[in-house]
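Spelled out, the chains give:
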Amino acid sequence: MGHSQQPPVSWGGDAEQTRFMPPVPAGPGQEHSPEPGSDPHRPQQAPARSPGRLSGGPLFRDEHPGAGGPGPEETMVLRAPTSSTPPGWPGAGGPAPVGRPAPFGGPQAGAPQPPQSPQYHPQPNDPAHHHPVPSFPGQETPVAQPDPQPRKQRGGRNLKAAIGVGVGLGAVIVASLFLVKELFLVVVMVAAVVGLWELTSRLAERKEIDAPLVPLAVGGVAMISTGYWAGVQWAAAALALTGLAVMVWRMAQPPENYLRDITAGIFTAFYVPFLATFVAMMLAADDGPQRIVLFLIVTVCSDTGAYAVGYKFGRTKLAPTISPGKTREGLAGGIALSMLAGALLMQLIIDDGSWWQGLVLGGCAAVTATLGDLGESMIKRDLGIKDMGTLLPGHGGIMDRLDSLLPTAPVVWLLLAAFVGS
């Protein structure tokens, strides 16, 4: 029976969508003949094939007659229909979209082609994109793998950037200290003004507290300069005048939250520029650069010793509700390293200094540095932030570097004045 005598089999729909089924070949050594009394022009039902085939005919319409069983590369992988299954794929409800071949093969050669429409392409955010997609003959079944999650850096810090910024700051400090002392005084003023800007900005963003920056910045520069040139009493007077200026400046706005805003402003004036004034007063001494070096090194050794010992041996939390990373063992390590550095530097670089004085100074500096770090952690937790700013890559903001230095400055200044004079 030739192809010309094979009646068309309609898949439903319009005439353009009619598909022609090829004749069903007989198995090897078998012939199909019409049964007695049947219509000779009516297609005969093929005998049952072996399990694993969907019907007696070819599994796919482009499979050649007489081909063997399906190979591994021709196996259709079916999955349960879901809401994300694209229309027309095997297992999805509804007819195949126009322009897409039917799930079990395409149209016969020479058959009228339906109008083509844009094909379905899964997007990365489509749920169907993350499921195995059925393949056609000669294709392997692709399985989309979820995108790997990016690795996070340990501690959330960029170590290379942090080291680079630290080296740069150290170079600026050393150059300004030992070339012209007044250059380092300018560095202190700039750091204080930037710290004021960071703190007032975070207060306004997170708590809607309006601590006026202009009177705080002017008063801060006045405190640092008078402390360097005239002494602590003039710096205290500048602090008092700055508080009055904050009160008057805030009167230009409505009275709501007036007490809250001026309280925050006076605290900010004390916390940043007034504490920084003691650094300027240490600088004013004849051996001022050496005193600044001693002050900076014992504070850095406190932080470094606490981190190293706490990382290696830390077991008991120091203040888990404030700073979960700090341990009592780390505090002991920071105190020990700071005392050692204080004893060496006090004996070597401070005129009329003694090693035992360095031990006392280093131990007190380590305690105040830790308290200052915890104090700023309390402020940041109250504000709901991690860093005060982003000015220093790998470190955060200026205030994130001044947190332990500011409370330590008056303690070191006072002990140096008591031991060797001011």
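Residues numbered from 1 in each chain as written. Predicted model: local features only at pLDDT ≥ 70, side-chain atom pairs only at ≥ 80, totals over all residues. Heavy atoms only, no water.

J.: What is the right way to read the pairing of strand β2 (residues 323–327) from this model?
T.: In this sheet, β2 lies alongside strand β1 (residues 317–319) in antiparallel orientation, the contact comprising two bridges. Pairing of A319 across the sheet is with S323, part of β2. Adjacent in sequence and paired antiparallel, β1 and β2 are bridged by three residues. (Pairing = 2+ DSSP bridges. Helix = DSSP H or I, 4+ residues; strand = E, 2+ residues; numbered from the N terminus.)

J.: Teacher, can you tell me more about helix α3 (residues 213–229) here?
T.: Residue pairs three or four apart in sequence face the same way in an α-helix, which turns once every 3.6 residues. Taking 1.5 Å of rise per residue, the 17 residues of α3 would be expected to cover 24 Å, and the 24 Å separating its terminal C-alpha atoms lies within 8% of that figure. Taken together, the buried positions of α3 are occupied by P215, L216, A217, G219, G220, M223, I224, S225, G227 and Y228. Check the buried side of α3 and you find it contacts α2 (181–207), α4 (232–250) and α5 (258–283). Trailing α3 by a residue or two, G231 shows a phi angle of about 115°, which is positive. (Expected span 1.5 Å × (residues − 1). Buried < 20%, exposed > 50% of the residue type's maximum accessible area, 1.4 Å probe, protein only. Contact = heavy atoms within 4.5 Å.)

J.: So what exactly am I meant to see when it comes to the packing of aromatic side chains here?
T.: Where two aromatic rings form a pair, the distance of their centres and the angle of their planes describe that pair. Applying the stated criterion to the full structure yields seven aromatic pairs. Here W356 and F419 contribute two aromatic rings whose centre-to-centre distance is 5.7 Å and whose plane-to-plane angle is 70°, an arrangement assigned as edge-to-face. Of this pair, W356 sits in helix α8 (residues 355–383) while F419 is found in helix α10 (residues 405–420), placing the two residues 63 residues apart along the sequence. The class of W356 is partly exposed, set by a relative accessible area of 43%. Taking relative accessible area as the criterion, F419 reaches 24% and is therefore assigned partly exposed. (Phe/Tyr/Trp six-rings, centres within 6.5 Å; stacked < 30°, edge-to-face > 60°.)

J.: Mind showing me how you'd approach the pattern of salt bridges here?
T.: A side chain with one charge can pair with a side chain of the opposite charge if their charged atoms come near. Under the definition given, this model contains seven salt bridges. Note that K207 and D382 form a salt bridge whose closest N and O atoms lie 3.3 Å from each other. Note that K207 is positioned in helix α2 and D382 in helix α8, a separation of 175 residues in sequence. Classification of K207 as partly exposed rests on a relative accessible area of 34%. K380 is paired through a salt bridge with D400; the nearest N and O atoms lie 3.0 Å apart. In this pair, K380 sits in helix α8 while D400 sits in helix α9 (residues 398–402), placing the two residues 20 residues apart along the sequence. The class of K380 is buried, set by a relative accessible area of 12%. Through salt bridges with shared partners, one network takes in R250, R260 and D261. (Salt bridge = Lys/Arg side-chain N within 4 Å of Asp/Glu carboxyl O.)

J.: Looking at this model, I keep getting lost on the packing of α2 against α5. Mind explaining?
T.: Contact geometry for α2 and α5: axes closest at 10 Å, N-to-C directions at 160°. On the basis of the axis angle, α2 is roughly antiparallel to α5. The handedness of the crossing between α2 and α5 comes out as right-handed. Contacts from K181, F184, L185, V188, A192, G195, L196, L199, T200, L203 and K207 in α2 reach R260, A264, T268, Y271, V272, P273, A276, V279, A280 and L283 in α5. (Axes fitted to C-alpha atoms, helices over the stretch in contact; angles between N-to-C directions. Parallel < 35°, antiparallel > 145°, perpendicular 65-115°, else oblique. Left-handed = near helix turned anticlockwise from the far one by under 90°.)

J.: When you look at the nonpolar core in this model, what are you seeing that I'm missing?
T.: The nonpolar side chains of a soluble globular protein tend to be buried, and buried together. I224, M282 and L294 are the most contacted members of the largest nonpolar core, which totals 57 residues. Per-element tally for this core: the top contributor is α5, with 14 residues. With near-sequence residues (within four places) excluded, M282 lies in contact with G288, R291, I292, F295, A409, V412, W413 and L416. (Core = buried A, V, L, I, M, F, W, Y, C linked by side-chain atoms within 4.5 Å.)

J.: Sorry, what's going on with a nonpolar patch on the surface here?
T.: On the surface, a nonpolar cluster with roughly 390 Å² of combined accessible area is contributed by L337, L340, L344 and L348. Here L340 is to be found in helix α7 (residues 328–348). (Patch = residues over 30% accessible without salt bridge, like charges linked within 9 Å, V, L, I, M, F, W, Y side chains within 5 Å. Areas by Shrake-Rupley, 256 points an atom, 1.4 Å probe, with all protein chains shown as cover.)

J.: Sorry if this is basic, but what is going on with empty space enclosed by the protein here?
T.: Rolling a probe over the atoms, with the probe sized like a water molecule, indicates the empty space that remains. A complete count under the given rule lists one cavity of 30 Å³ or more for this structure. As for the largest cavity, its lining consists of M281, M282, A285, R291, W413, A417 and S422. Its residues assigned to classes, the lining of the largest cavity shows five nonpolar, one polar and one charged. (1 Å grid on protein atoms, 1.4 Å probe; cavity = no way out; pocket = protein on both sides within 12 Å on 5 of 7 lines; lining within 4 Å. Points joined across faces, edges and corners; volume = space filled by probe spheres on them. Nonpolar A, V, L, I, M, F, W, Y, C, P; charged D, E, K, R; others polar.)

J.: Would you explain the side chain of R250 in this entry?
T.: The topology assignment puts R250 in helix α4. By relative accessible area, R250 is classed as buried at 4%. Here the side chain of R250 touches E256 through a polar contact of 2.7 Å, landing on its backbone oxygen. Residues within four places of R250 in sequence aside, it is in contact with D210, E256, N257, Y258, D261 and I262. (Polar contact = N/O pair within 3.5 Å; in protein donor to acceptor, adjacent residues only side chain to side chain.)

J.: When you look at α10 in this model, what are you seeing that I'm missing?
T.: Here α10 is 16 residues long and its end C-alpha atoms lie 21 Å apart, about the 22 Å a rise of 1.5 Å per residue gives. Residues of α10 that are buried include every one of L405, L406, P407, T408, A409, P410, V412, W413, L415 and L416, and no others. Buried positions along α10 lie against α5, α6 (288–313), α7, α8 and α9. Two residues or fewer after α10 comes G421, characterised by a positive phi angle close to 90°.

J.: Looking at this structure, how should I read unusual backbone geometry?
T.: When glycine is set aside, most residues are seen to have a negative phi, and most peptide bonds are trans. The phi torsion at E208 lies on the positive side, around 55°, for a residue other than glycine. According to the relative accessible area criterion, E208 is exposed, its value standing at 64%. Look at N257: it is not a glycine, yet its phi comes out positive at around 65°. Mapped onto the elements of the fold, N257 is located in the loop between α4 and α5.

J.: Would you explain the side chain of T370 in this entry?
T.: Mapping T370 onto the fold places it in helix α8. The class of T370 is buried, set by a relative accessible area of 15%. At a separation of 2.9 Å, a polar atom in the side chain of T370 contacts the main-chain carbonyl oxygen of A366.

J.: Looking at this structure, how should I read the confidence of the model for the protein chain?
T.: Should the pLDDT be low somewhere, the predicted coordinates at that spot are not to be read in detail. When the pLDDT values of the protein chain are averaged, the result is 77; 61% of them are 70 or greater. When the criterion is pLDDT under 50, residues 29–33 qualifies, and its contacts beyond four places in sequence or with other chains add up to six contacts. In this model, residues 150–155 is a region of pLDDT below 50 whose contacts with residues beyond four sequence positions or in other chains number three contacts. (pLDDT = per-residue confidence, 0-100.)

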